[in-house]
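# Structural features, examined
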Amino acid sequence: MPYEAELAHALLTVTRATLLTRRVFTSSTKGTLSKTDTSPVTIGDFGAQALIISSLRHAFPNDAIIAEEESSSLASNPTLTSEILSLVSSTSLSPEEEARLGGSIKDESQLLSLLDMGKSTGGPSGRVWALDPIDGTKGFLRGGQYAVCLALIEDGDVKVGVLGCPNLPLSDTAPLPTSAPDPDDASTGVLFSATLGGGASSRPLTHTSSKPQTDGVKTIHMHSLQPDNIPNATFCESVEAAHSSHSDSSAIAELLHIPLSQSVRMDSQAKYGSIARGAGDIYLRLPVPGKGYVEKIWDHAAGDLIVREAGGVVTDARGQNLDFGRGRRLEGNTGVVAAPQGVHDVVIKAVREVLEGKKDVDR
Ligand SMILES: Nc1ncnc2c1ncn2[C@@H]1O[C@H](COP(=O)(O)OS(=O)(=O)O)[C@@H](OP(=O)(O)O)[C@H]1O
Ligand SMILES: [Mg+2]
Ligand SMILES: [Mg+2]
Ligand SMILES: [Mg+2]
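What comes next is a walk through the structure. Counting of residues starts from 1 at the beginning of each chain's written sequence and follows it residue by residue. For naming, the first written chain is A and the first written ligand is 1, with later ones following in the order written. In keeping with the predicted nature of the model, local features appear solely for residues at pLDDT of at least 70, side-chain atom pairs appear and are counted solely at 80 or more, and the whole-chain, interface and lining totals rest on all residues. The side-chain figures draw on all heavy atoms in the structure; neither hydrogens nor water molecules are used.

### Structural notes on the sheet that holds strand β9 (residues 218-219)
Any two strands are treated as partners once DSSP identifies two or more bridges connecting them. Secondary structure elements follow DSSP: runs of H or I of four or more residues count as helices, runs of E of two or more count as strands, with numbering from the N terminus. Taken together, seven strands build an open sheet; the order of strands is β3-β4-β5-β6-β7-β8-β9 and the sheet is mixed. Edge positions in the sheet fall to β3 (64-67) and β9, since each of these pairs with one other strand and no more. Of the pairings in the sheet, the one linking strand β6 (residues 157-169) to strand β7 (residues 188-195) comprises seven bridges and is antiparallel in character. Across the sheet, the residue bridging to Leu163 is Phe192, located in β7.

### Side note on helix α5 (residues 108-115)
Turn by turn, an α-helix covers 3.6 residues, leaving residues three or four places apart pointing in a common direction. Between buried and exposed lies partly exposed: a residue is buried under 20% and exposed over 50% of the maximum accessible area for its type, with that area taken using a 1.4 Å probe on protein chains only. Those residues of α5 that fall on the buried side of the exposure criterion are Leu111, Leu114 and Leu115. Buried residues along α5 cover an arc of 100° about the axis, so they all sit on one side. Looking at the buried side of α5, the elements it contacts are α2 (43-59) and α3 (78-89). This arc describes the spread of directions from the helix axis toward the C-beta atoms. Here, two residues are considered to be in contact whenever any of their heavy atoms come within 4.5 Å of each other.

### Things to note about the packing of aromatic side chains
A pair of Phe, Tyr and Trp rings is counted when the ring centres sit within 6.5 Å of each other, with Trp represented by its six-membered ring. The angle between the planes then sorts it: under 30 degrees is stacked, over 60 is edge-to-face, the rest tilted. In total, this model carries five aromatic pairs according to the counting rule given. Centre to centre, the rings of Phe140 and Tyr146 are 4.7 Å apart; their planes meet at 85°, and the pair counts as edge-to-face. Its relative accessible area of 1% is what places Phe140 among the buried residues. Its relative accessible area of 0% is what places Tyr146 among the buried residues. Aromatic pair Tyr272 and Tyr283: ring centres 4.8 Å apart, planes at 85°, arrangement edge-to-face. Remark: Tyr283 occurs in strand β12 (residues 282-285) and Tyr272 occurs in helix α8 (residues 270-276); sequence separation between them is 11 residues. For the residue pair Tyr272 and Tyr283, the accessibility class agrees, reading buried in each case. For a ring to carry a charge above it, either NZ of a lysine or CZ of an arginine must fall within 6 Å of the ring centroid while also lying within 35 degrees of the normal to the ring plane. Positioned over the ring face of Phe60 is Arg127, at 5.6 Å from the centre of the ring.

### Concerning the site of ligand 1
The nearness test applies per residue and asks whether one of its heavy atoms lies within 4 Å of the molecule or strand. Within the structure, ligand 1 sits among 19 residues, and Val239, His243, Lys271, Arg285 and Asp299 are positioned closest to it. As used in this structure description, the phrase polar contact means that two N or O atoms lie within 3.5 Å; if the pair is within protein, one of them must be able to donate a hydrogen and the other to accept it, and residues adjacent in sequence are counted only when both atoms belong to side chains. Asp267 places a polar side-chain atom, nitrogen or oxygen, 2.9 Å from an oxygen atom of ligand 1. One of the side-chain N or O atoms of Tyr293 is found 3.3 Å from a nitrogen atom in ligand 1. Isolated, ligand 1 exposes 620 Å² of accessible area, and the fraction of that covered by the protein chains is 88%. Domain extents, as shown, originate in an automatic or database domain assignment. Both domains that meet at the shell around ligand 1, namely domain 1 (4-219) and domain 2 (227-358), each give it at least three residues. Working definition of accessibility: Shrake-Rupley area with a 1.4 Å probe, residue cover restricted to the visible protein chains.

See below:
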């Protein structure tokens, strides 16, 4: 199978990092700092990023890396740096698995330099890993959904995607969670993955060790929704109205006759994983007027592939494919609309009708 080694490595390194974030999630202190753009970052984000970059350097030393965080956000804070080092030093994997990932991080100076190895500018050629160590940091802090996200992009195309979603139900048939997860519940925690042309899968978060290719692995599919059934669809969107316009999504739902009670607000790329396994149907991410925000590739690469491999279509709000070959951001796109193949056209028509019908053209 093409990209078998990359997928196996991505599954293991995302598992190790996700289990680290879970330890921070359940701890009362999360070492939260505010970045220059005022968004939050925690010792969980830094720890997960350092561990994943360390393993990628070990396994694929010639590949470029684009990652969200950098050491300057730590602002030379020695207390937090040593907390992160102790966090990355206690592992949940077996010695054999640790060896496959290249072992542990030795000291603080190695930790800081690893954090800064995710500064590739990306572009249309070559291999680059896109990493979001905690997507939905605000959700992570408020006790909601978050995801550890890793994707391999080659010549602008996503080839491998893995999402670690520790707060989603393991069961593919469970409804979308609307309340805070119980981190001690053994039926919580799932990994989603896909390779281009190889389909999409889910598996238990903790079940990696002996046979990562087969243990607990299930092929996942979107709902096969048709236009007549759209009023029965569930759509999901960001919790933060600053990230995705809630008023526009309401107007679109109204046009499609989808009751608002069928919408679920959820942080992070857990939205992509959820619709890919049929726990929900449509993901709407609608540009907020006046912001001119350009999406980052690490917020979408893994989820885009997982949904497409599960039988969905992912485009921006204008119906264009997401273009991951334009650098660190999705420079050619605005918003995201992900839906089952049978209804994506109809959803895009409604999105365009609502967005183009408004006077505000800054989108
Ligand atoms: N202004 C604006 N508009 C759109 N998107 C933004 C914006 N600001 C941030 N971000 C990115 O949103 C990521 C969080 O994902 P979601 O928006 O899906 O989740 S939620 O808002 O927390 O519900 C979040 O990812 P993390 O930083 O990894 O948490 C950001 O990269
Ligand atoms: Mg962030
Ligand atoms: Mg993110
Ligand atoms: Mg993040």
